[in-house]
Each structure stands twice: as structure tokens, then as C-alpha cells.
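Letter by letter, the chains look like this.
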Amino acid sequence: MSNRLPESLSAIQINALRNSTPQLWLNPELGCPEASPEKPDVQEIHIAEARLQRFAPLLATLFPELNESKGIIESQLLPVRSLASTINPLGGHTFIKADHALPVAGSIKARGGIHEVLCFAEQLALENNILSSIDDDYSKLLESPAQQLFNRYEIAVGSTGNLGLSIGIIGAALGFRATVHMSVDAKAWKKARLRKRGVTVIEHNADYGAAVAAGRTQAETDPFSYFVDDENSPRLFMGYAVAALRLQQQLDNAGIRVDNDHPLFVYLPAGVGGAPGGITFGLKALFGNAVHCFFAEPVQAPCMLLGMAGKAGSPPVPVYNAGLHIDTDADGLAVGTAAQWVCDAVRDQLAGVYTETDDRLYGHLAALHEKENIQVEPSAAIGCSGPGMLNTTVGRQFLETHQLVTKLPHATHLIWTTGGSFVPDSEYKRYIQKSIEKSNPKVS
Ligand SMILES: *Cc1c(COP(=O)(O)O)cnc(C)c1O
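Residues numbered from 1 in each chain as written. Predicted model: local features only at pLDDT ≥ 70, side-chain atom pairs only at ≥ 80, totals over all residues. Heavy atoms only, no water.

1. Points about the overall build of the protein chain
Along the protein chain, the regular secondary structure elements total 16 helices and 11 strands. Taken over C-alpha atoms, the radius of gyration comes to 21 Å for the protein chain, in line with the 22 Å a tight globule of 444 residues would show. Here the C-alpha coordinates of the protein chain stretch approximately 60 × 50 × 45 Å along the principal axes. Evaluated residue by residue, the protein chain yields a buried proportion of 60% over its 444 residues. Long-range pairs, those at least 24 residues apart, make up 76% of the contacts in the protein chain between residues at least 6 apart in sequence. (Helix = DSSP H or I, 4+ residues; strand = E, 2+ residues; numbered from the N terminus. Rg over C-alpha atoms; globule rule 2.2 N^0.38 Å. Buried < 20%, exposed > 50% of the residue type's maximum accessible area, 1.4 Å probe, protein only. Contact = heavy atoms within 4.5 Å.)

Next comes the structure, spelled out in C-alpha cells:
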């Protein structure tokens, strides 16, 4: 294997990658439709939303926490004035999209993961005449013929933690057998939480890509096993994309306009790419050029940066090629190689990718706690660097090229926080302790 990096990267960009220095990379293929020849169908977003609506009464029965929302899994859009004073030097409005508190799974994975398991359950029930059509009564899925059918099937997934939680929880709740292949980065409490729910957890002493590959191989030999393939899943992607429809409504309710004079900047934590990719795809379908989406990654795991800097239709370069080792506490983003499918889907839509150090993530984690009383895991804090990244030399270049400088006072910045509400108190205290240590380095 050669250690080649994408040819489009400059020497400065490559140095920053190799030295784990934070940087903002701008996508040269933004706005070039030919960069993304095989675009997913926008109609699929509405199909996914309709499916989530069909299942809503059933989900409200399974998860009492969804009673109030009548079975819709959604997070709040929160204005953050106090936090804005420390993280947003550009002005305008600042909001948090609070997926760290998404019900049922406690992370953004509740969107894609649950949608994919519902797709599979619906398909099985229709094929086996348990449901006569999609207009049938979905409460039948909890009765014994459906439950006997579902129990014959295993749902398997490879995960750094949160996707496993999401798939394990919904899979077990619907009566499937669930198996989660965990990468070495997965936190002990995430594994324990799943085992308590009867989910089989298989630990791999290897990275996320290897855990996915192991799970995929095992599932292939078993016709009663359905593998949720995070590296190649339109069903996950479309579940995530539905977030855009929901956000549009929430912005509207908050009186926030989004159009060419009122740009929206969105900062999305990225692992393998499915979640931020799906959301970008959805937002671009709704807001077009008025929305500017940036992915955010740890300096030690910039797999989407490398994937997006590569060529359409070619396999993404792994971060190991830049001498990196995925040495990060941001387990939700600890991915070595991006999903090629996702890179190709958003190649003409993504504004850029920035990287950030773990030290800064801990600083944001503490600021979210102190200023807004919001509890996130390290991965979920990375969006807070977004507005500051746009205020760098490279960021200013982006704002000027797209004639955004004069529009900044009317702009909205959206920090997408993606996980944290399930973090045990003892673990969260350790995060806060770490953030204090990092902000006051001991003098020796
Ligand atoms: C999975 C995850 C992401 C990113 O999603 P990908 O689909 O892997 O890109 C971001 N934040 C958290 C907390 C996650 O668990």
C-alpha cells in the first residue's frame, strides 16, 4: 500500500494534517454538479419522513419518553446567547441543534439508526403479510406473530459506540436479536448499557473500519442476519436527512429567515460521514445556496477531509496515510476512513471541513456546561469551533468569495451537538476534570 495523500491538497494542508494542527479546508468542488454524478433522490427524504410518521404511534408505545411528541424523535433548537459571546466572533444569531439530547438513543444516531431498523421491520412485516399495506395498523408489530418473526432475525452493526446504542435499543425493543461489533475506541459504559438490554456486544481490538468489516463478514454467512452497514447505507443517510425538514420548521417557528440575504452556517461533527452527509443533503435540498455546511473532525481522525479532497468514484484515503493514529477522546468521530458513498453524494454541496484538537474540544465541553448548562460528550463539542474557523484567514477567504461578509449581521450559525445525554455522571465529571486540567497546565 502506498502512503499517497489526495493530489489536490497543498503542502500547507498536508503539513497541518501530519502535524495534527487544526485547519479549515475549503471544498474546491462546491457548486460543481459534475463532481457528484450519482446523487441520491431528494424524494427519498420525504419517503423517510413519512415512514417515521407511520411508526410514530408504535414508538410512543415502546418509549414512554416519546409520549409528549407522539412518537416523533426530535431535538430542540436552542438560542445560545451566553455561549455565543465566547465562540462566535462573527455576530448574527447563534443556535444549538440539541441532538445530544435526542430521546431514545441519546445521540444523533437516533435519526439514522432507528430509521434503518424501522425500514427492515416494515419490509419483513409486509413480505410476511403481517402488515397488509403501509396504511395498516402498525401496533400489530408488537403482537405475537410479528414478534415470533422478528425474533428469528438478528440485527448486527459495527460501531464506535453510539450507532451500536441506537441500533441495539430499537432492535431489542422491536423484538429482534441484536449484535453490536464494537471498535477499540468504544467506551466501557456504552457496552455495559447495551448488555443490560440483552444486546450481544462483541469487542474488537481494532479500529472502527475493522469492527464494521468483521460484523459485515459474520452477517453475510447468516441469512437471518441483517447488517446495518454504516459505510454504505442510504437508509441511514435518509433517516439523518429528515433532520433538515424538522429544522426548517423550527427555524420558521423561531422567526429565523434563511435566504440569500440571511445565510445559514451549519457545523456538523463528522465520523464516517453518514450523519453530517445526510443532514447536508437535506439542508441543501431545502435551502440551496443560502446554507453553508461544514464538517468538523478531530485532528487525529480527519477522514472526511481526506475523502472529500479525493476524487469522485475513488476510495477515500485512510488517515493512517498522513501518519495519524486516531488518538482522540472523541469516540463518536474516531473513524479512519470515510464512507466513499457519502463523499460522492455531497461532493458538490459541502462548503468545507475543519479539524480541531482534543484540548479545544474539552474547552468547548466546559463552556457548554458553564454557560448553557448543556452536557455533551467530547465528540459533540467540536461544532463550537465553527464560527471561529470562519474568522481565520482561510475562513475569511470563503466569506469573501461567496460575498457573505456584509451579510454576517443577518446570518445564523448553527452548532450541531450530537451526543451526551446518556453519559453517566461519573464519566461526565471526569470530562469536566480533564477540561480543567487542560486549561490550567501544571507548571513543573
Ligand atoms: C456518529 C457520531 C457523529 C458522526 O456521524 P457519522 O455518521 O459517523 O459521520 C457525530 N457525533 C457523535 C456523537 C456521533 O456518535
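Don't stop here, the text continues.
2. Overview of the domain arrangement of the protein chain
The domain architecture assigned to the protein chain consists of domain 1 (11-41 + 67-105 + 235-439) and domain 2 (109-234). On the side of domain 2, 32 residues touch domain 1, which itself brings 33 residues to the contact. Among the residues domain 1 hides against domain 2, the three largest losses belong to Arg235, Leu236 and Asp331. Together they make up 29% of the total. Linking domain 1 with domain 2 are 4 salt bridges, by the criterion used here. The shortest N-O distance in the salt bridge between Glu74 and Arg111 comes to 2.7 Å. (Domains from an automatic or database assignment. Buried area = accessible area lost by both parts, 1.4 Å probe. Salt bridge = Lys/Arg side-chain N within 4 Å of Asp/Glu carboxyl O.)

3. Structural notes on empty space enclosed by the protein
This structure, assessed with the given rule, holds 4 cavities of 30 Å³ or more. Size it by volume and the largest cavity reaches roughly 240 Å³. Lining the largest cavity are 26 residues, with Ile108, Lys109, Gly271, Gly332 and Leu333 sitting closest to its centre. Elements with a minimum of two residues in the lining of the largest cavity: helix H6 (162-174) and helix H10 (274-287). In terms of residue count, the dominant contributor to the lining of the largest cavity is H10 (3 residues). Of the residues contributing to the lining of the largest cavity, the split by class is 11 nonpolar, 12 polar and 3 charged. Split by domain, the residues of the lining of the largest cavity number at least three in each of domain 1 (11-41 + 67-105 + 235-439) and domain 2 (109-234). The computed volume of the second largest cavity comes to approximately 110 Å³. (1 Å grid on protein atoms, 1.4 Å probe; cavity = no way out; pocket = protein on both sides within 12 Å on 5 of 7 lines; lining within 4 Å. Points joined across faces, edges and corners; volume = space filled by probe spheres on them. Nonpolar A, V, L, I, M, F, W, Y, C, P; charged D, E, K, R; others polar.)

4. Focus: unusual backbone geometry
Keep in mind that most residues, glycine aside, have a negative phi and that most peptide bonds are trans. Of note in the backbone geometry, Val104 takes a positive phi value of approximately 75° without being a glycine. One non-glycine residue with positive phi stands out, namely Asn373, at about 55°. Position of Asn373 relative to the elements: it lies in the loop between helix H13 (358-372) and helix H14 (386-390).

5. A closer look at the nonpolar core
It is characteristic of soluble globular proteins that their nonpolar side chains tend to be buried jointly. Counting residues in each nonpolar core, the largest one holds 150 residues, and the members touching the most others are Leu141, Phe176 and Phe265. When residues in this core are grouped by element, the largest group, 11 residues, is from helix H9 (residues 234-253). Looking at which domains feed residues into this core, each of domain 1 (11-41 + 67-105 + 235-439) and domain 2 (109-234) supplies at least three. Leave out the neighbours within four places in its chain, and Phe265 touches His292, Phe294, Leu390, Phe398, Leu399, Leu404, Leu408, Ala411, Thr412, His413 and Leu414. (Core = buried A, V, L, I, M, F, W, Y, C linked by side-chain atoms within 4.5 Å.)

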